[in-house]
Amino acid sequence: MSSNERATRVLREIQQNPGNDTCADCGAPDPGWGSCSLGVFICLACSGIHRNIPNISKVKSLSLSHWEDHEVQFMAENGNEMMKSKYEAAVPVYYYKPTHKDCQVLREQWIRAKYERKEFSEPGKNFTYEEGTRDGLLMKRGRDNGQFLSRRFVLSEREGTLKYFTKYDAKEPKAVLKVDTMNATFQPEKIGNPNGLQITYLKDYSTRNIFVYHDNGKEVVDWYNSIRAVQLHYLKVAFPGATDAELIPKLTRNFLKEGYMEKTGPRQTEGFKKRWFTLDHRRLMYFKDPLDAFAKGEVFLGNKDHGYNAFAGLPAGTHCNGAWQHGITIQTPDRCFLFTCETENDQQDWLKHFSDVMSAPMSPQEH
């Protein structure tokens, strides 16, 4: 057996230790890479980020690279759990820890915050996310013309708001977003920018979307975690008896699913039209264009016990003029909504999400 094969076998044995069977940074299963300078097992995607910080991390493939004996020994003596206790000793509860499903900028800034900036290594540090206010420029997409222009944003913990101004020295904000009805989620593909962030909030009982980005990845992720910090502060005041574990799910959330379907109108005789759909918890919103400021409409998805249901297919006799054939019917106590999907896979995935939402118990607020 060559020394390389022996090293690979020993590394694979070390990987059996608790915590080493998933990526130290994003939790992806069965990581195939290691940082021989940090002593952690990581996935292919995170290894690419580590490679961009060579002064901190030296990465090697577990099976293809040559490992020195002392490097293998270092991996055995350290490993994911021990390094987490060092580099993640003091992660604030509101800080969003990305998973392997999250976008590059979130994962990169998490890795840089941990190992390069050592933000979480010692308790008692002052975090940039907790300064109570944040004031700066973000590129914001114009609602009507689609152009991105620099706008001043001000986040205030005391007021529980995020405001933006069309001119830097303007006295009055163009909009005031209350943090309790606000959501923020990274949308690089949709916005066409790797640092693209979608912010939604309630305006006159309708959901309004705004799309922003910053050229600096750290800056946009700092905004995101500052919003989460302010939201948590607001919730702690509003629900003084609640635990962190109960409040964290109420901070920013990713959409359950997005994509195109075709839909027909309430009379179900109108033609099927292609629309962009966003499933945000119990709200299924549809838009003419993915970057529209307001939804054309939305469907509330209640619990199955209250007359809500979703199933494959369309009612007999439905005139289906669209190109897409894979139907979905959503039943609510008031009416049926009819949709078609391009593929059977897409249809099944939407149905799984609808079923999960309708099976979940409803909170008092949702009633």
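Remember, it's a predicted structure, so these values are computed and weren't measured experimentally.

Draft legend 1. Structural detail: the pattern of salt bridges. Evaluated as defined, the whole model comprises 23 salt bridges. Of the charged contacts, one joins D30 and R12 as a salt bridge, the two residues approaching to 3.9 Å between their closest N and O atoms. On the criterion of sequence distance, the pair formed by D30 in the loop between α1 (3–14) and β1 (33–35) and R12 in helix α1 is long-range, its members being 18 residues apart. Judged by its relative accessible area of 58%, D30 falls in the exposed class.

Draft legend 2. Structural view of the UniProt feature "domain: PH" (unreviewed entry) in the protein. Under the UniProt annotation, the feature "domain: PH" (unreviewed entry) is placed at residues 131–232 and 254–359. In this annotation, residues 131–232 is assigned 20% helix and 45% strand; the end-to-end C-alpha distance for the span is 13 Å.

Draft legend 3. Main features of the UniProt feature "domain: Arf-GAP" (unreviewed entry) in the protein. Here, UniProt's "domain: Arf-GAP" (unreviewed entry) annotation points to residues 5–135. Helix makes up 37% of residues 5–135 and strand 9%. Its end C-alpha atoms lie 54 Å apart.

Draft legend 4. Just the sheet that holds strand β11 (residues 257–263), in detail. The seven strands lie next to each other as β14-β13-β12-β11-β17-β16-β15, forming an open sheet whose pairing is antiparallel. Bordering the open sheet on either side are β14 (297–300) and β15 (309–312), each of which pairs with just one other strand. The sheet shows a mean angle of 35° between the axes of neighbouring strands, direction not considered. As defined by bridge partners, strand β16 (residues 326–331) adjoins strand β17 (residues 336–341) across six bridges and the pair is classed as antiparallel.

Draft legend 5. How the structure looks around the side chain of E119. Here E119 lies in the loop between α5 (104–116) and β4 (133–141). Since its relative accessible area comes to 10%, E119 is described here as buried. Polar side-chain contacts of E119 include one of 2.8 Å to the side chain of R117. Each residue touching E119, except ones within four places of it in the same chain, is listed here: A113, K114, K125, F127 and Y129.

Draft legend 6. Structural context of the environment of A7. Here A7 lies in helix α1. Distance in space between the C-alpha atoms of A7 and F287 is 54 Å, their sequence separation being 280 residues. Beyond its immediate sequence surroundings of up to four residues, A7 is in contact with W67 and V72.

Draft legend 7. A look at the sheet that holds β1. Sheet architecture is open: three strands sit in the order β2-β1-β3, paired in antiparallel fashion. For this open sheet the edge positions go to β2 (40–42) and β3 (59–61), each flanked by a neighbour on one side alone. When the angles between neighbouring strand axes are averaged without regard to direction, this sheet yields 30°. One ladder, built from three bridges, connects β1 with β3; its direction is antiparallel. Across the sheet, S35 pairs through a bridge with V59, a residue of β3. Along the sheet, helix α2 (residues 44–51) makes contact with β1, β2 and β3, crossing β2 at roughly 120°.

Draft legend 8. A look at the packing of α1 against helix α3 (residues 69–77). Orientation of α1 relative to α3, taken along the N-to-C sense of each, is 5°, at an axis distance of 10 Å. Between α1 and α3, the interaxial angle falls into the category roughly parallel. Listed contacts from α3 to A7, V10, L11 and I14 of α1 are V72, M75 and A76. Its residues assigned to classes, the contact of α1 with α3 shows seven nonpolar, no polar and no charged.

Draft legend 9. Summary view of the nonpolar core. Counting 26 residues, the largest nonpolar core has F153, L162, L177, M182, F186, L197 and I199 as its most contacted members. For this core, the elements supplying multiple residues, two or more each, are α5, β5 (148–156), β6 (161–165), β7 (175–178), β8 (183–186), β9 (197–203), β10 (206–213) and α7 (217–238). The dominant element in this core, judged by the number of residues it contributes, is α7, at six residues. Counting 19 residues, the second largest nonpolar core, distinct from the first, contains F277, L279, L301 and C341.

Draft legend 10. Looking closely at the environment of H281. Of note, H281 is situated in the loop between β12 (273–280) and β13 (283–287). Given a relative accessible area of 42%, H281 falls into the partly exposed group. Residues H281 and F300, 19 residues apart in the sequence, show an inter-C-alpha distance of 9.4 Å.

Draft legend 11. Up close: α1. Spanning 12 residues, α1 covers 16 Å between terminal C-alpha atoms, matching the ideal 16 Å at 1.5 Å per step. Buried within α1 we find A7, T8, L11 and I14. Take α1 and look down its axis: the buried residues cluster within an arc of 120°, on one side only. Buried residues along α1 sit against β2 and α3.

Cut-off values and rules
Residues numbered from 1 in each chain as written. Predicted model: local features only at pLDDT ≥ 70, side-chain atom pairs only at ≥ 80, totals over all residues. Heavy atoms only, no water. Salt bridge = Lys/Arg side-chain N within 4 Å of Asp/Glu carboxyl O. Helix = DSSP H or I, 4+ residues; strand = E, 2+ residues; numbered from the N terminus. Buried < 20%, exposed > 50% of the residue type's maximum accessible area, 1.4 Å probe, protein only. UniProt positions renumbered as here; feature names shortened; annotations may be inferred. Pairing = 2+ DSSP bridges. Axes fitted to C-alpha atoms, helices over the stretch in contact; angles between N-to-C directions. Polar contact = N/O pair within 3.5 Å; in protein donor to acceptor, adjacent residues only side chain to side chain. Contact = heavy atoms within 4.5 Å. Parallel < 35°, antiparallel > 145°, perpendicular 65-115°, else oblique. Nonpolar A, V, L, I, M, F, W, Y, C, P; charged D, E, K, R; others polar. Core = buried A, V, L, I, M, F, W, Y, C linked by side-chain atoms within 4.5 Å. Expected span 1.5 Å × (residues − 1). Arc of directions from axis to C-beta.

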